[in-house]
Amino acid sequence: MALHKSWRDCQAWRDEKLEMTTTSNEASKMFDAILTQYVGWYEEESLGGLEKTMQTMKQADPDFVLGQAICNGLSCLGGGESVYTNPKFKETIDNMLTLASKSNITQREQGHVNAVKLWSEGCIPEACLEWENILLTHPTDMMAIKFAHGSYFYLGYQEQLRDSVSRVLPHWSSDIPNYGYLMGMYGFGLVETNFYDKAEKYAKKGLAINPCDIWSSHANAHVLEMTGKQQEGINFLTSTADDWEKCDMLVPHIYWHLALYYIEKGDYEQALSIYDTEMLPRFKKSTGVGRVSNGASLLQRLEFNNVNVGDRWNDLYEEAKLHIDEHTTAYGDMHVVMACVGAKQRDTAKQMVQSVKEFVQNGFGHSAKVISEVGQPMIEAFEAYGREDYATAVNHLYPVRYRVTSVGGSNAQRDVVNLLLIVSAMLSPLKEHNKLARQLLLERQALRENSPMTERLMAKTLALHTD
């Protein structure tokens, strides 16, 4: 798919006061193409896709420092790479740092190098500060905007997710390439901080500029999910599928949102059909924790609703078991243990709990702190749930429920943790936990006025516990 027809050369970047240290127009253009594909969540077929575009850029100028920084940054944010778990990636980062020290690069470029180095070492908040410092003097630097935006998502920094874009938006104009993508980014930050009407406005503005802007579609899908407008969400996503399906990278997640609407409505067969026909075939073409997260959280929600998902967990488990010792983020760990539990691989789930405990003692960076404080009890709760030790699951999760935001992801994605607590409390043999389940559901009703799933869970709780 060719969403863009031209790319910026060296002079075009200089004209925008975003000078880069390369004399290769080809490298400059391929850098633009990499950035645009990343921001737009799509593969530019005319260039052979994102990976091929990166190869072409490196061939055009092997010493292009900012080009190396964007590729390494994508490995961090897109692949969860770390210098502590991947020796080859550490060598790549070291090579970038050596090249930067020998090159007369700009202060802006050095800031990007510093940020990527910090991210690769697990110092994600510090990396964000580097990108924000760049934006103080270069507010139209989309690489800094997008990398910060993605990092705030990983961190669960909801206000920063919103405000980072709002600060730079007044400095942009519609004639600057990639301007429209800011609308969806700002809309997503707004929906995550509960400004639903304003979020919808910006999401629709982004789609008016570019109907194929999948991040704007994504932001609008979140609005409709959080406001309980399931049928409107179904209508929106199905009627615009020809547009957002062009953006390959995020398509499985958009189908995840579509399936959530059906689960909420109680149409489990349709949700399973979406998983089987739209999500699973795409998962099989990818690797990594990202492949596991959408599928695991969907199947888990179905099982919380007493739906038999058959052997669907097995494929996710085959990928998940490869990542039980990574611990790049608590969010990723949560979905890995979910897949282990769902596939009835209790020994592997127990092994992961032990791995988490060792990581907490010897770990590094921001993730170690979050996993220690929130991730470990959350993972232990999922593992206990898999053993049908519901009381232990509640005891692990309840004390940290208000801190789960720190594991990253969106409100909609983290809702699976809320459901774990509710269902565990409902099934616990302890009466105080059963009362907690009812209270949590009352709380949920107050926040989600149109939630058929909440009504079903309340009815089940009252049927199980009449006292």
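What comes next is a walk through the structure. If you're wondering where the values come from, they're calculated on a predicted model, not measured in any experiment.

## Comments concerning the overall build of the chain
Each helix and strand in the chain was counted, giving 25 helices and zero strands. Relative to a compact globule of 467 residues, whose C-alpha radius of gyration would be 23 Å, the chain shows 22 Å and is just as compact. Each principal axis of the C-alpha atoms in the chain carries an extent, and together these give about 75 × 50 × 35 Å. Sorting the 467 residues of the chain into buried and exposed places 60% on the buried side. Restricting the contact set of the chain to residue pairs at least 6 apart, pairs at least 24 apart contribute 66%. Only carbon and sulfur atoms are counted for the fraction: they give 48% of the accessible area of the chain, which is about 19100 Å². The centroid of the 45 positive side-chain charges in the chain is displaced by 3 Å from the centroid of its 60 negative side-chain charges.

## Examining the packing of aromatic side chains
Here the structure, examined in full by the defined rule, presents 16 aromatic pairs. Measuring from centroid to centroid gives 5.5 Å for Tyr-38 and Phe-147, while their planes differ by 50°, and the two rings are tilted. Here the residue Tyr-38 occupies a position in helix α2 (residues 25-40), and Phe-147 occupies one in helix α8 (residues 142-155), the gap between them amounting to 109 residues. Taken together, the ring pairs in this structure connect Trp-41, Trp-119, Phe-153, Tyr-154, Phe-188, Trp-215 and Tyr-331 into an aromatic cluster. Over the ring of Trp-13 we find Arg-8; its NZ or CZ atom is 4.0 Å from the centre of that ring. Looking at Arg-401, its charged tip hangs above the ring of Tyr-402, at a distance of 4.4 Å from the centre.

## Comments concerning helix α20 (residues 346-362)
If you check α20, its first and last C-alpha atoms are 24 Å apart, about what 17 residues at 1.5 Å a residue would give, namely 24 Å. Within α20, burial applies to Thr-348, Ala-349, Met-352, Val-353, Ser-355, Val-356 and Phe-359. Each buried residue of α20 lies within a common arc of 165° when the element is viewed along its axis, so the set occupies one face. Opposite the buried face of α20, by more than 90 degrees, sit the exposed residues Asp-347, Lys-350, Gln-361 and Asn-362. Looking at the buried residues of α20, the elements they touch are α18 (313-320), α19 (330-342) and α21 (365-386).

## Here we look at the environment of Lys-321
Summarising the element assignment, Lys-321 is placed in the loop between α18 and α19. Separated by 71 residues in sequence, Lys-321 and Leu-250 place their C-alpha atoms 23 Å apart.

## Some points on the nonpolar core
Counting residues in hydrophobic clusters, the biggest one holds 165 residues, and the most contacted among them are Phe-31, Trp-131, Leu-182, Leu-298, Leu-302 and Trp-313. In this structure, Leu-298 is in contact with Trp-256, Ala-259, Leu-260, Ile-263, Ala-271, Tyr-275 and Met-279, ignoring residues within four places of it in sequence.

## Concerning the state of the cysteines
By definition, a disulfide is the covalent link that joins the sulfur atoms of two cysteine residues. For the structure on display, the rule yields zero disulfides. Unpaired in this structure, Cys-10 has its nearest cysteine sulfur neighbour in Cys-71, at a distance of 16 Å. Between Cys-128, a cysteine without a disulfide, and Cys-123, which holds the nearest cysteine sulfur, the sulfur-to-sulfur distance is 11 Å.

## Points about the pattern of salt bridges
Using the criterion set out here, one finds 22 salt bridges in the structure. Across the pair Arg-167 and Glu-132 runs a salt bridge, and its minimum N-O distance is 3.1 Å. Here Glu-132 lies in helix α7 (residues 124-137) and Arg-167 lies in helix α9 (residues 158-168), a separation of 35 residues in the sequence. Owing to a relative accessible area of 12%, Glu-132 belongs among the buried residues under this scheme. Of the charged contacts in the structure, one is a salt bridge between Arg-162 and Asp-163, with a shortest N-O distance of 2.7 Å.

## Observations regarding the packing of helix α15 (residues 251-265) against helix α16 (residues 268-283)
Two numbers describe how α15 lies on α16: the axes approach to 8 Å, and their chain directions differ by 170°. Classed by the angle they form, the pair α15 and α16 counts as roughly antiparallel. Residue-level contacts link Val-251, Pro-252, Tyr-255, Trp-256, Leu-258, Ala-259, Tyr-262 and Ile-263 of α15 to Tyr-268, Gln-270, Ala-271, Ile-274, Glu-278, Met-279, Arg-282 and Phe-283 of α16. Class assignment of the residues belonging to the contact of α15 with α16 gives a composition of 13 nonpolar, one polar and two charged.

## Looking at the packing of α19 against α20
In contact at an axis separation of 8 Å, α19 and α20 are set at 155° when each is read in the N-to-C sense. When the axes of α19 and α20 are compared, the pair comes out roughly antiparallel. Taking contact as the criterion, the partners of Asp-333, Val-336, Val-337, Cys-340 and Val-341 in α19 are, on α20, Thr-348, Ala-349, Met-352 and Val-356. Residues of the contact of α19 with α20, tallied by class, amount to seven nonpolar, one polar and one charged.

## A look at α8
With 14 residues, α8 should cover 20 Å at 1.5 Å per step; its first-to-last C-alpha distance of 20 Å lies within 8% of that length. Judged by how many residues are buried, α8 sits mostly within the fold: 12 of 14 residues are covered. Taken residue by residue, α8 has Met-142, Met-143, Ala-144, Ile-145, Lys-146, Phe-147, Ala-148, His-149, Gly-150, Ser-151, Tyr-152 and Leu-155 as its buried positions. Regarding α8, its N-cap is Asp-141, as a side-chain oxygen of that residue lies 3.1 Å from the backbone nitrogen of Met-143 further along. Two residues or fewer after α8 comes Gly-156, characterised by a positive phi angle close to 75°.

## Details of the side chain of Ser-428
Residue position: Ser-428 is located in the loop between α23 (411-427) and α24 (431-447). With relative accessibility at 3%, the residue Ser-428 sits in the buried group.

So, how was this worked out
- Residues numbered from 1 in each chain as written.
- Predicted model: local features only at pLDDT ≥ 70, side-chain atom pairs only at ≥ 80, totals over all residues.
- Heavy atoms only, no water.
- Helix = DSSP H or I, 4+ residues; strand = E, 2+ residues; numbered from the N terminus.
- Rg over C-alpha atoms; globule rule 2.2 N^0.38 Å.
- Buried < 20%, exposed > 50% of the residue type's maximum accessible area, 1.4 Å probe, protein only.
- Contact = heavy atoms within 4.5 Å.
- Areas by Shrake-Rupley, 256 points an atom, 1.4 Å probe, with all protein chains shown as cover.
- Lys, Arg positive; Asp, Glu negative; His and termini not counted.
- Charge placed at Lys NZ, Arg CZ, Asp CG, Glu CD.
- Phe/Tyr/Trp six-rings, centres within 6.5 Å; stacked < 30°, edge-to-face > 60°.
- Lys NZ or Arg CZ within 6 Å of the ring centre and 35° of its normal.
- Expected span 1.5 Å × (residues − 1).
- Arc of directions from axis to C-beta.
- Core = buried A, V, L, I, M, F, W, Y, C linked by side-chain atoms within 4.5 Å.
- Disulfide = S-S within 2.5 Å.
- Salt bridge = Lys/Arg side-chain N within 4 Å of Asp/Glu carboxyl O.
- Axes fitted to C-alpha atoms, helices over the stretch in contact; angles between N-to-C directions.
- Parallel < 35°, antiparallel > 145°, perpendicular 65-115°, else oblique.
- Nonpolar A, V, L, I, M, F, W, Y, C, P; charged D, E, K, R; others polar.
- Polar contact = N/O pair within 3.5 Å; in protein donor to acceptor, adjacent residues only side chain to side chain.

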